[in-house]
Amino acid sequence: MDNYPPEFILQHVPLMAVFGLGTARDLVEQPTSTTNSVQSSSIIPKSQSRRSSLSAASIPISTRQQLSRTLLALLTAKNQVSVWGPGKNASAAFHIVAVDKNHQFPPRKPMMRPPAHTHHPNMPVAHSSISPLTPGSPVHPDGLIPPIWVRKHREIIPSVVVGFYDLWHHTSSGPIQEKEEVSPVQEPLGTIEPIEREKDNNLAMEINEKRKSLLERGIKFSVVILLRTQNMDKSMDDRAFLKDQTIDERLSYIRKVSGLDARNPFFVLPPSQQGDLHDFVINLQKSLYDHGLNYYREHGKRIKKKRSRLPSPNGNMRPSLSEKPSTSPQPLSIQGWMIRYDYKLATFAEFRQDMETAINYYESAYNLLVDLFAPQSSITLGATGLPIRSRRWTEARILADTISLKICKLNLYIDSPSEALAQLNKHVSTFRNISNTWGIGEDTFEYWAWLSKQYRIFADVLEIATKSGFTIPDPAKISHNTTSSDFRFSISNNPNIGSGINPSMVLQHPGFYYFMAAKYNSLRRKNFLTLEKFMKKEGFETSVLPPQNILEAEQSVDHSTLTIELLTKSYEQFKAQKTGRMTLYMASEIANTYLDAEKYETALKFFERIAKTYRKEHWHTILESILRCSLVCAKELGTWEKVVEYLVELLSDQFSISNQKRIEIHNELMDVLFKMKIANLPELRQVIIDMDEINSFLTCRVQFKDDTTFIGAETLFQITFTTQAESPPIPLQFAFLRFSYNDSYFNHYFRNKKNGEKDNTKLEWVDCKNCLQEDIEGEGLVWVKDVNLNFSKGITKVFEGSIEPKESGDLQLQAVSFGFLTERWKVELHFNLKNTREEHSKRKWLIGDFDSKGEVTKPIYSVLNGTGERTSIKITQKLARLDIQAKHSAPALLDEHYPIELTVVNLEQEEVKAFLNAEIVTDAPSNSIDSEDFITLDPTTNVSNNLKDIDIGVIPAGESVVKIVYVLGKKSSFSRTLQLTVYYASTSSVPSTPFPARGWIEKKEDFRIHFIAPFVFSFNISPQSEIFTTGNSGNSLEWVEKHLLVAKITTTSPWEISISDIDLILLDQANAQTKMEIAASSIEIDNDFQEQELTLMDIKKLNIDIGLLVIQWKRKQQSSVVKDIEIPCTESTMIVPQLIRKKTEISAFIRIPPNPKVGQLFTLIYKIVNWTSSEKKIHVIIEVNDSFVFSGYKQTHFSVPGMGEYCFRVNCFPLIAGKMKLPKVKMVRRGEFEGDEEVVNIISPGYKEGIEEDYFVIFVRPKIEI
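All of these numbers come straight from a predicted model, not from anything done at the bench.

Enquirer: What is the right way to read the overall build of the protein from this model?
Expert: Scanning the protein for helices and strands turns up 22 helices and 54 strands. Buried residues in the protein amount to 47% of all 1266 residues. Sequence separation of at least 24 residues holds for 75% of the intrachain contacts in the protein that already meet a minimum separation of 6. Summing over all exposed atoms, the protein offers an accessible surface of approximately 64,600 Å²; the carbon and sulfur share of this is 50%.

Enquirer: Just to check I follow, could you spell out the packing of helix α21 (residues 640-650) against helix α22 (residues 659-675) for this structure?
Expert: Each pair of packed helices gets described by two things: the angle between the helix axes and the distance between those axes. Put simply, α21 and α22 touch, their axes get as near as 9 Å, and they point 150° apart. With respect to their mutual orientation, α21 and α22 come out roughly antiparallel. Handedness of the crossing formed by α21 with α22: left-handed. Contacts from W640, V644, L647, V648 and L650 of α21 reach α22 at I665, E668, L669, V672 and L673. In terms of residue class, the contact of α21 with α22 is built from 9 nonpolar, no polar and 1 charged.

Enquirer: Is there a simple way to think about the sheet that holds strand β51 (residues 1224-1230) in this case?
Expert: Strand pairing in a sheet relies on backbone hydrogen bonds. The paired strands run either parallel or antiparallel. The 4 strands lie next to each other as β48-β46-β51-β52, forming an open sheet whose pairing is antiparallel. For this open sheet the edge positions go to β48 (1195-1200) and β52 (1237-1240), each flanked by a neighbour on one side alone. Pairwise comparison of adjacent strand axes, ignoring direction, gives a mean angle of 30° for this sheet. Sheet topology note: the β51/β52 ladder contains 4 bridges and is antiparallel. Across the sheet, M1227 pairs through a bridge with V1240, a residue of β52.

Enquirer: Mind showing me how you'd approach the sheet that holds strand β31 (residues 960-968) here?
Expert: Strands sit in the order β25-β27-β31-β29 across an open sheet of 4 strands; the sheet is antiparallel. Strands with a single pairing partner mark the edges of an open sheet, and in this sheet they are β25 (882-887) and β29 (934-936). Averaged over all pairs of adjacent strands, the angle between their axes in this sheet comes to 25°, without regard to strand direction. Two elements, strand β27 (residues 898-906) and β31, share 8 bridges in a ladder whose sense is antiparallel. Within β31, the residue paired with V904 across the bridge is V961.

Enquirer: So what exactly am I meant to see when it comes to unusual backbone geometry here?
Expert: Residue H140 is joined to P141 through a cis peptide bond whose omega torsion reads 0°. The step from S727 to P728 runs through a cis peptide bond, and the omega angle for that step is 5°. When you line up the elements, P728 lands in the loop between β9 (715-723) and β10 (732-733). Notably, E598 is not glycine yet its phi reads approximately 65°, a positive angle. By the secondary structure assignment, E598 is in the loop between α18 (580-596) and α19 (600-616). Backbone geometry places K971, a non-glycine residue, at a positive phi of 65°. Mapping K971 onto the fold places it in the loop between β31 and β32 (976-986).

Enquirer: Where do I start with the packing of helix α5 (residues 64-76) against helix α9 (residues 274-308) in this structure?
Expert: The interhelical angle for the contact between α5 and α9, taken along N-to-C directions, is 50°, at an axis separation of 10 Å. The orientation of α5 relative to α9 falls into the category oblique. Relative to α9, α5 is oriented so that their crossing is right-handed. Residues L67, T70, L71, L74 and L75 of α5 form the contact with α9, whose participating residues are Q274, L277, H278, F280, V281, L284 and Q285. Taken together, the residues that form the contact of α5 with α9 break down as 8 nonpolar, 4 polar and no charged.

Enquirer: Got a minute to help me understand the pattern of salt bridges in this structure?
Expert: Where side chains of opposite charge bring their charged atoms close, a pairing between them can arise. Taken as a whole, this structure holds 49 salt bridges when the rule is applied. In this structure, R1229 and E1238 form a salt bridge, with 3.3 Å as the shortest nitrogen-oxygen distance. Given a relative accessible area of 29%, E1238 falls into the partly exposed group. One salt-bridge network, held together by shared partners, links E1145, K1176, R1229, D1236 and E1238.

Enquirer: Looking at this structure, how should I read a nonpolar patch on the surface?
Expert: Judged by side-chain polarity, L1161, V1189, F1213, L1215 and I1216 come together as a nonpolar surface patch covering roughly 420 Å² of accessible area. Here V1189 shows up in strand β47 (residues 1188-1191).

Enquirer: Got a minute to help me understand the pairing of strand β2 (residues 95-98) in this structure?
Expert: Every regular strand shows the same layout, with side chains that alternate between the two sheet faces. Across the two faces of β2 the burial is the same, with H95 and V97 and I96 and A98 all buried. Pairing between strand β1 (residues 15-19) and β2: 4 bridges, direction parallel. Note that in β2 the partner of A17 across the bridge is V97.

Enquirer: How do you make sense of the confidence of the model for the protein when you look at a structure like this?
Expert: When the pLDDT values of the protein are averaged, the result is 81; 80% of them are 70 or greater. Between residues 172-189, whose pLDDT stays under 50, and residues either more than four places distant or in other chains, the model counts 30 contacts. Under a pLDDT of 50 for its full length, residues 1072-1099 has, in the predicted model, 63 contacts with residues more than four places off or in other chains.

Enquirer: Any chance you could explain the environment of R397 here in plain terms?
Expert: Within the secondary structure, R397 sits in helix α12 (residues 391-413). C-alpha separation for the pair R397 and L369, spaced 28 residues apart in sequence, amounts to 8.8 Å. Discounting residues that sit within four places of it in the chain, R397 has contacts with F373, F431, W438, I440 and W450.

Enquirer: Honestly, helix α20 (residues 620-637) in this entry has me stumped. Any pointers?
Expert: Residue pairs three or four apart in sequence face the same way in an α-helix, which turns once every 3.6 residues. Along its 18 residues, α20 runs 25 Å from first to last C-alpha, staying within 8% of the 26 Å computed at 1.5 Å per residue. Here α20 has its buried residues at H620, L623, E624, I626, L627, C629, S630, L631, C633 and A634. Considering only its buried residues, α20 is in contact with α18, α19 and α21. The first or second residue beyond α20 is G638, which carries a positive phi of 75°.

Enquirer: How should I be thinking about the side chain of T977 in this particular structure?
Expert: Among the structural elements, T977 can be located in strand β32. For T977, a relative accessible area of 13% puts it in the buried group. In terms of polar contacts, T977 uses its side chain to reach the side chain of R1008, at 3.1 Å. Apart from the residues within four sequence positions on either side, T977 is in contact with E919, I920, V921, D923, D1006, F1007 and R1008.

About the thresholds
- Residues numbered from 1 in each chain as written.
- Predicted model: local features only at pLDDT ≥ 70, side-chain atom pairs only at ≥ 80, totals over all residues.
- Heavy atoms only, no water.
- Helix = DSSP H or I, 4+ residues; strand = E, 2+ residues; numbered from the N terminus.
- Buried < 20%, exposed > 50% of the residue type's maximum accessible area, 1.4 Å probe, protein only.
- Contact = heavy atoms within 4.5 Å.
- Areas by Shrake-Rupley, 256 points an atom, 1.4 Å probe, with all protein chains shown as cover.
- Axes fitted to C-alpha atoms, helices over the stretch in contact; angles between N-to-C directions.
- Parallel < 35°, antiparallel > 145°, perpendicular 65-115°, else oblique.
- Left-handed = near helix turned anticlockwise from the far one by under 90°.
- Nonpolar A, V, L, I, M, F, W, Y, C, P; charged D, E, K, R; others polar.
- Pairing = 2+ DSSP bridges.
- Salt bridge = Lys/Arg side-chain N within 4 Å of Asp/Glu carboxyl O.
- Patch = residues over 30% accessible without salt bridge, like charges linked within 9 Å, V, L, I, M, F, W, Y side chains within 5 Å.
- pLDDT = per-residue confidence, 0-100.
- Expected span 1.5 Å × (residues − 1).
- Polar contact = N/O pair within 3.5 Å; in protein donor to acceptor, adjacent residues only side chain to side chain.

Shown next as structure tokens:
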């Protein structure tokens, strides 16, 4: 659309001019902060105006300059300068221009009479400076409509003018602020101050002069009075209140004196926030919108009167060119004036948004204009068409194109897509016929350039329309009567055709028209290149050439770039419509255009991308064309790897090409590989072609005969290759064939037999067994054999081989590759087998009769289980024929060397060489690395928790071997699992590498072993005292504490245990007097123990570590597993609990007399020691029982001096003989305060604390001993 004057194609809306706010230049030069605030308010939608005003309330308008800029920004924020209008449902849209306050609008047209020789009796005499009747006008004397006329009404002459004025106050030159208080004058002007009245009068005169000047042109004038804060003082004093009431009087006076009646809108804008200004601007445009439409309606009436006064065109015939050879310009004909008036009527109708009327007048102007191009006019009889390539001819063509575009656009605007498309078709059809008469028809680049432009601008308008909300109708919901005489709905002359849809009249999305424009632009380039070739010939006729300026302009056009741009636009539109097929087609057209433009690299990228889809969906005809184009690009770019790949794919007979063409492709491939010397090619160029990603002339099918197999068993496979019926046209001889497994040990490499026979056998069996392992350069260690690798068309070759797995797992044939090998090339035709293809055909295995050459004389296939291919096989361990038995005496005891007898029985038919792995695993949830368990073959040594590679030796067939292992469990009594693994191999084929290498057979067994602790320990530690006397021992600072340690050891073993030694290992903190009580009949003590004295030397430590109790023991009776083997004693260790000392202030000791007798009085002496420096008060309570009678008080008290002693005596008389509990004496230390008391613990030598209940027990002898 850039080639047309914008005035002819832009959407027309009413024009409003504003003054008093500055100009657009002031708006551009405003500060950034102001701009940001204006922009933020200008984009507020109407539906949110009230909410927006509240949010903007915090932004005050403090100065007149800022207020002007804000208002101007809001007014011009939505200026309509675009091809598409605001929409049918849009409200009150103006195009607003800001002018200076003193701006003078152009005057009315002058009244003057035209010259006599150009004057028509009924023709209007008033004309403007751009009229064809005005000398110096751009259209004088026979022009039609200049763009400046449209620009005048779009940008210069408004329909409404709005003036913004300030209401005067004392400080009007400064910012808005509080004005000085002046006493009002009551007479004779009422409450209006004299100076205010004078200023208001001057303002009214100024407004009146502006109103009169605009009234002469019929332009509606509106006034907006801007009030300041000073005018609207809201303080509460009387004079300010009186001032508020004067505003209405002043405004009424200004309106009356200025002559503004009710027909002239008059607005008052009080001090407002930004959000309120947005609402004001919207209301202002709504109020003036009808006035603007009336302005253009009056213009339309005036033009319609002028047109009605025009005479008939037949009354003013133009002389033909042959009758009047003069080349002087002729006045504009009546038909030309009709075109002018119709165009103006259409323009004014568009300004007032009457689109149906505008379309009618545009169509009338278009039909009249088209007649001017005809050789003989059908409207003005006898008149000839416009001279070809003349200035007026060019202007008329531009006008015709833009009018047609206007008709199309306005029909879309009013939702009449069929009429819009009909106008496009009409315009194209009309000028195609006219262009042929001009000699610039379909065989010239000019015609195709023009046609491409028409479709492009239509696509541009349609794209803009869809972005603005226009919806392209669904073709399925359109029904046209194809028998209609209207050319828009029918292109058929058959009257028998019923109702239906004419595809040419269904509006498509913009992508279709962009594609048409690109297509016609390609034809433009083609015709221009043809013309250039013609111009290079000698003696060509120059008269047939277009003008030199047109040729030069065409030479500067980059046709390919323009075509690619149009195709790209079309591609994007089709992609948005989710039409995958057309999107690919557009991409292929773009690629072909790049190819024509010799941009081979870009073209190749496009071809490769779209070829994937066509290849996947089997569009072989299209794919063949793409491959040939890709081949051209690859050759030009020198990417010979791509050349080889494209040639290999073109060999496929999926492409419908002749045998001769296929032979040429084959020969070209061989030439590239074997004959052609290519510069800059490295010494060896390796190319891998994925045959599964292209159309291959060769197919590959893989079958393993069995689904599973065993280690060491022979495993058969067959790989079948089949060539197509027509390819290769000439037999191909491959250099090698490679089978690649996921385990490189099984990789096979077959070389082509030298001087191999070339035959036409349709089915051939190739023996691939008995291969030899060789180290091939570039391949590594592989299995090698020489076979026949010649392939001709329509044959099948079955390669049968075998492998011998050496370890369990999944073995997969991952790839099969045929290869060409030359001095410069290594080309591999690669079949990827990692992803198995889904097939439902039954599996077959060739077992027919073969002759000496491998030819199948009688093909017979056996059906295997399953369907599809088998590219992998599961390898499992051969079923081990060994039996592992374990014999032991459960349960096992912790810390002992527990013997287990293992028996390995050979059930194979031959002798085997066997090895043993053993591991002890605990069930405890701990890390096995921290385990203290041991397994060993020798009980005198501890190794680790596992045994590795223990040689069992050779086991003859049907015999067994016995092995004893010892398990030592520590700490926890969790059960253990003995995991045994025996691996073996026949003595005739023992592998050279250790287990778990290939060739070994494995047998695993697990045995559960229950462990228990051999002993249960319990300890008791009781404090003791020295035997004291009642005499005064003197004050001594030495103190000795004695404690009684009692250890009770009980065995839980079902087996008798022999104890060789029990030892208490004391730490450095203690000496010990030990006394052992061993309470279990099954325990034997070999040694006696001597008592030792325990003296605590450090009384500062409260908690003292005593030491370890160590027991040396073993089972008394040997296990049946090891009757003749002496197992040494083992050692169990137990930690003695800590001696926990209590810090006390008072100690009490009791002396109990020995051997009391019934009826004989004895005295209990309690010695109380005060360890502090202060006196302590002791309260004593004695509880009586039935066994004794005592003398004295049941409750008493006494004091113990600081660092002193006190002896308390209780006389007892025994009544009953036997083991009796002494009267219980409770001693309590009481302090000075209530609640400060402590029970004093009483200690007696030889008594265990906490063992007897409640108190001390003694044995009372009877009176008479028996």
